[in-house]
Each structure stands twice: as C-alpha cells, then as structure tokens.
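An overview of the molecular structure
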Amino acid sequence: MNWLSNFIRPKIRSFVSQQKDVPDNLWQKCPACDGMLFHRDLDENMNVCTHCGHHLKIDVDQRLNILFDDGEWNEIRAPHVPVDPLKFKDRKAYSARLKEAQSKSKREDAIVIATGTIGGQPVVCAAFDFSFMGGSMGAGVGEGIVRAAEEAVRTHSAFMVIPSSGGARMQEGALSLMQMPRTIIAVEMVKDAKLPYIVLLADPTTGGVSASFAMVGDIQIAEPGCMIGFAGKRVIQETIREELPPGFQTAEYLLDHGMIDMVVARKDLHSTLSRVLNLLMNRTGREEARGGSRGKGSKSVNGSGKSGKGDISSAAKAARNVAKLPSVKKKVAAKITKKRAAMTSKTIRKIAD
Ligand SMILES: [Zn+2]
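Residue numbering note: each chain is counted from 1, following its sequence as written. Local features in this predicted model are restricted to residues whose pLDDT is 70 or higher, and side-chain atom pairs enter the listing and the counts only when it is 80 or higher, whereas totals over whole chains, interfaces and linings include all residues.

Going by the annotation in an unreviewed UniProt entry, the name recorded for the protein chain is Acetyl-coenzyme A carboxylase carboxyl transferase subunit beta, with Micavibrio aeruginosavorus given as the source organism. UniProt positions are given in the numbering used here, feature names are shortened, and annotations may be inferred rather than shown by experiment. Per UniProt, the protein chain has the following entry under Pathway (unreviewed entry): "Lipid metabolism; malonyl-CoA biosynthesis; malonyl-CoA from acetyl-CoA: step 1/1." You can read under Function (unreviewed entry) in the UniProt record for the protein chain the words "Component of the acetyl coenzyme A carboxylase (ACC) complex. Biotin carboxylase (BC) catalyzes the carboxylation of biotin on its carrier protein (BCCP) and then the CO(2) group is transferred by the transcarboxylase to acetyl-CoA to form malonyl-CoA."

Right under this line is the structure:
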C-alpha cells in the first residue's frame, strides 16, 4: 500500500490545497438576472451587471473614485462623538457591534467626508458606507454631515450627499432621530450661503435618512433601479391593505411621479454631475460679471456695479482705452501736422509780404 500513501495521497493533498488558494469571491451572481459575473468584469464595469445593466452596490471608496476628477479626493476625518450613550444591548452590545464594524471598515462611522473637484468645481461630499451597520444614521453620521456642510460653506464648495442607508440607527434611540433636524439645519446653512446642494440617491435610501436631508436637494439624482422610500413595501401593503403598483419605490417610479429630477447610469454620473455643477457654480460668477458691466453701461442695475463688481467694468474700460490709444495718437498727430502746415504757409505769406 506504499504507492497509496506515497503517491496518491500527496497528489490529492496538492489538489485540495490548490483549490484552497483560489479565492471564493471571484464570481458573483447578479441579483436581478441571476447571471454570473466575473470580478474583473464587474470592476471594469463599475459594479454594473454586464448582462442586464443592474446596478449592484459599490464600495464607498470606489464610488468616490468614479465621481471625483481623475479619481482624486481627500478625506476629512469625521468628528468624534460619544459612543453608545444609552449602553444599548440587544442580542449583542451596541458597543461590540460598533467595534466590529469599525475594525472591518477601518472607519469611525458609516460616513466618509471627501473633498475634491468634479468637472473642475470644488465639491465637499458626504457619502454613506452601507457596509457599516447598513449605513444607519446615528450621532456620528449626523455630526459627519454637519462637518461636511460647514466645510462646503467655509471653502465655498458645492455640497453633495450620497445616502445609502437603512435609516436611523435604532441602537441610539431618540439621539439618532435628532439627527434628522440637525442635518436639515446643516443643509439650510449651505443653501443660505447660496451654494448648490446635490443629492445622489444610491440603493437603498429609506427611513429617517429619506425623511430628512436626502429629499431636499436642489438637484435630486438617483441611480437606476435603486430603492427609495420611507417604510418598506410590505409594511405599507399590510397597512393600507391594497396591492401596490409594480416598480413601487424604485428610482424610475419616483422620477415618473416627480420626486426626483434625474435617473443617471453610473457610467454617466461624472459627466452629468460636472455639467450640473458647472451650470450651478458658474451662475453666480456670470451674474456678477453681467451685473458689473450693466452697472457701467446702463443705469438699470441698482448700484450693484459699485461693490467690487465696479472693478471689473473699470478695468474693462481702461482696457478699451488702451486699445484705442494708437488711433487717438494718429488723430492728434494729423491735427499737429495740419496746424504746422497752416503755420508754415502763414509765415511764408508774411515773409513774402
Ligand atoms: Zn444582471
């Protein structure tokens, strides 16, 4: 039996160990069409199914790489908040759940604050990490949104939020619900500073998140097929005892019913956001320039040409004068030669007399 232990067994062992080396997440099943997706194809296609175009969930870092110009962005650390003030415990202590999520994601909480440019425009973005306790909003996430809004106002940048969340973090009780008015105030701060506020709804956006800052964007954009709602479909169906229409609570359904402005495929997000941001951010610049030229040209603008903007028009006038200089010089020179000619003819006449 030597050949069995010396030859066959090592062969089997090497075959088994080879099998172990192969990672088990090379293939993924599309939840929409059940098609098998190879990890490399998925990465190349921004986590969108190559068979049916279904938008799978995407890692928050990967999403920010797609959105920002050249995939370049800087992370701002979210402020530290008191952890587990209620000492909450269900099947597991909240502090233990939090620690587990933190060690997995290497982040303090379910929010990432990123700064960078999109289409050349400065943007401060607060993106939810769904893998961190379902992207639920507790005091830490609320604080992150407030911090991001403050940063947008401070640096005169557009403010963008990418919610992907199950709602309020129940383990923080009323404190998590208090984040709803807090985040609304943060958004109001951005709007008061006349800066654009853009919401990019990602799958899923539900509960306390959809009932607060996620629905008050100047522009509401959503990814195709993403689920957006407050309560779940089943809960509503059981409450009103009626069958809900097909496609209920999807991005497309909300677009048809006027709740959102656009449904944009992931591959087109960067170009669409660049266009929107350039339109919104350049508007103020254009209006200022127009106000300045009007202040000088016509009398209709009520003094807006005086404060700061007057500099632009006076500079323009000076530039115009400079441009006119050669022609002025020519005219003056012509006058002088004429006078000289007249003088010389007069003197010649005098001499002759
Ligand atoms: Zn698919």
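Next comes the rest of the write-up.
Right, let's talk about the overall build of the protein chain for a bit. Secondary structure elements are defined from DSSP: runs of H or I of at least 4 residues count as helices, runs of E of at least 2 residues count as strands, and each element is numbered from the N terminus. Counting secondary structure elements, the protein chain contains 12 helices and nine strands. Burial status across the protein chain gives 32% buried among its 353 residues. Here, residues touch in the contact sense if the C-beta positions derived from the backbone fall within 7 Å of one another. If you take every contact in the protein chain between residues at least 6 apart in sequence, the share linking residues at least 24 apart comes to 62%. The burial label depends on the number of other C-beta atoms within 10 Å of a residue's C-beta. Counts of 20 or more mean buried, 12 or fewer mean exposed, and intermediate counts mean partly exposed, with C-beta atoms placed from the backbone.

One can find Leu98 in helix 4 (residues 94-105). On the basis of neighbour count, Leu98 is assigned to the buried category, with 20 C-beta atoms found within 10 Å. Taking C-alpha positions, Leu98 is 8.6 Å from Phe132, a pair spaced 34 residues apart along the chain. Dropping the residues within four chain positions of it, Leu98 is found in contact with Val83 and Asp84.

Let us look at the UniProt feature "binding site: Zn(2+)" (unreviewed entry) in the protein chain. Sites flagged by UniProt as "binding site: Zn(2+)" (unreviewed entry) map to Cys30, Cys33, Cys49 and Cys52. Annotated residues spanning 23 residues; largest pairwise C-alpha distance 8.7 Å, indicating a single compact cluster. Here Cys30 is to be found in the loop between strand 1 (27-29) and strand 2 (36-38). Judged by C-beta crowding, with 18 C-beta atoms within 10 Å, Cys30 ranks as partly exposed. Ignoring any residue separated from it by four or fewer positions in sequence, one finds Cys30 in contact with Gly35, Leu37, Cys49, His51, Cys52 and His54. For Cys33, the position within the fold is in the loop between strand 1 and strand 2. Once you skip the residues sitting within four places of it in the chain, Cys33 turns out to touch Cys49, His51, Cys52 and His54.

Looking now at helix 9 (residues 233-240). Little of helix 9 sits inside the fold, with zero of its eight residues counted as buried. Arg241 sits one or two positions beyond helix 9 and adopts a positive phi of about 50°.

Moving on: the nonpolar core. The term nonpolar core refers to a set of buried Ala, Val, Leu, Ile, Met, Phe, Trp, Tyr and Cys residues connected through C-beta atoms within 7 Å. One finds Ile145, Phe159 and Leu201 to be the most contacted residues of the largest nonpolar core, which totals 60 residues. Setting aside chain neighbours within four positions, we find Ile145 in contact with Ile111, Ala126, Val161, Thr183, Ala186 and Phe213.

Between two packed helices, the angle of one axis relative to the other and the distance separating the axes together describe the packing. Orientation is described by lines fitted to C-alpha atoms, with helices fitted over the stretch in contact, and by angles between N-to-C directions that extend from 0 to 180 degrees. Contact geometry for helix 5 (residues 139-154) and helix 7 (residues 179-192): axes closest at 9 Å, N-to-C directions at 5°. Considering their axes alone, helix 5 and helix 7 lie roughly parallel with respect to each other. Counted together, Ala139, Val141, Gly142, Ile145, Val146, Ala149, Ala152 and Val153 of helix 5 and Gln179, Arg182, Thr183, Ala186, Val187, Met189 and Val190 of helix 7 form the full contact between these two elements. The residue classification treats Ala, Val, Leu, Ile, Met, Phe, Trp, Tyr, Cys and Pro as nonpolar and Asp, Glu, Lys and Arg as charged. All others, Gly included, are polar. Tallied by class, the residues present in the contact of helix 5 with helix 7 amount to 11 nonpolar, three polar and one charged. For classification purposes, angles smaller than 35 degrees are called roughly parallel, those larger than 145 roughly antiparallel, those between 65 and 115 roughly perpendicular, and all remaining angles oblique.

Read across the open sheet, the seven strands follow the order 3-4-5-6-7-8-9; overall the sheet is mixed. Looking at the sheet topology across the chains shown, the edges are occupied by strand 3 (73-76) and strand 9 (262-263). As defined by bridge partners, strand 6 (residues 158-162) adjoins strand 7 (residues 197-201) across three bridges and the pair is classed as parallel. Residue pairing across strands places Val161 opposite Val199, the latter belonging to strand 7. Strand pairing is assigned whenever DSSP identifies at least 2 bridges connecting the two strands.

With an omega dihedral of -15°, the bond running from Asp203 to Pro204 counts as a cis peptide bond. Among the structural elements, Pro204 can be located in the loop between strand 7 and helix 8 (207-210). Non-glycine residue Met133 carries a positive phi angle of around 50°. Mapped onto the secondary structure, Met133 falls in the loop between strand 5 (121-128) and helix 5. The class for Met133 is buried, based on 23 C-beta atoms found within 10 Å.

Moving on, we get to the environment of Asn47. Looking at the element boundaries, Asn47 is found in the loop between helix 2 (39-44) and helix 3 (60-67). C-beta crowding within 10 Å serves as the criterion here: with 19 such atoms nearby, Asn47 is assigned to the partly exposed category. On a C-alpha basis, the gap between Asn47 and Asp59 in space is 9.1 Å, while along the polypeptide they are 12 residues apart. Apart from residues no more than four positions distant in its own chain, Asn47 is found in contact with Leu42, Leu56 and Ile58.

We now examine the pairing of strand 8 (residues 219-222). The two faces of strand 8 match: Ile219 and Ile221 on one face and Gln220 and Ala222 on the other face are all buried. Here strand 7 pairs with strand 8 via four bridges, running parallel. From the neighbouring strand, Leu201 faces strand 8, where its bridge partner is Ala222.

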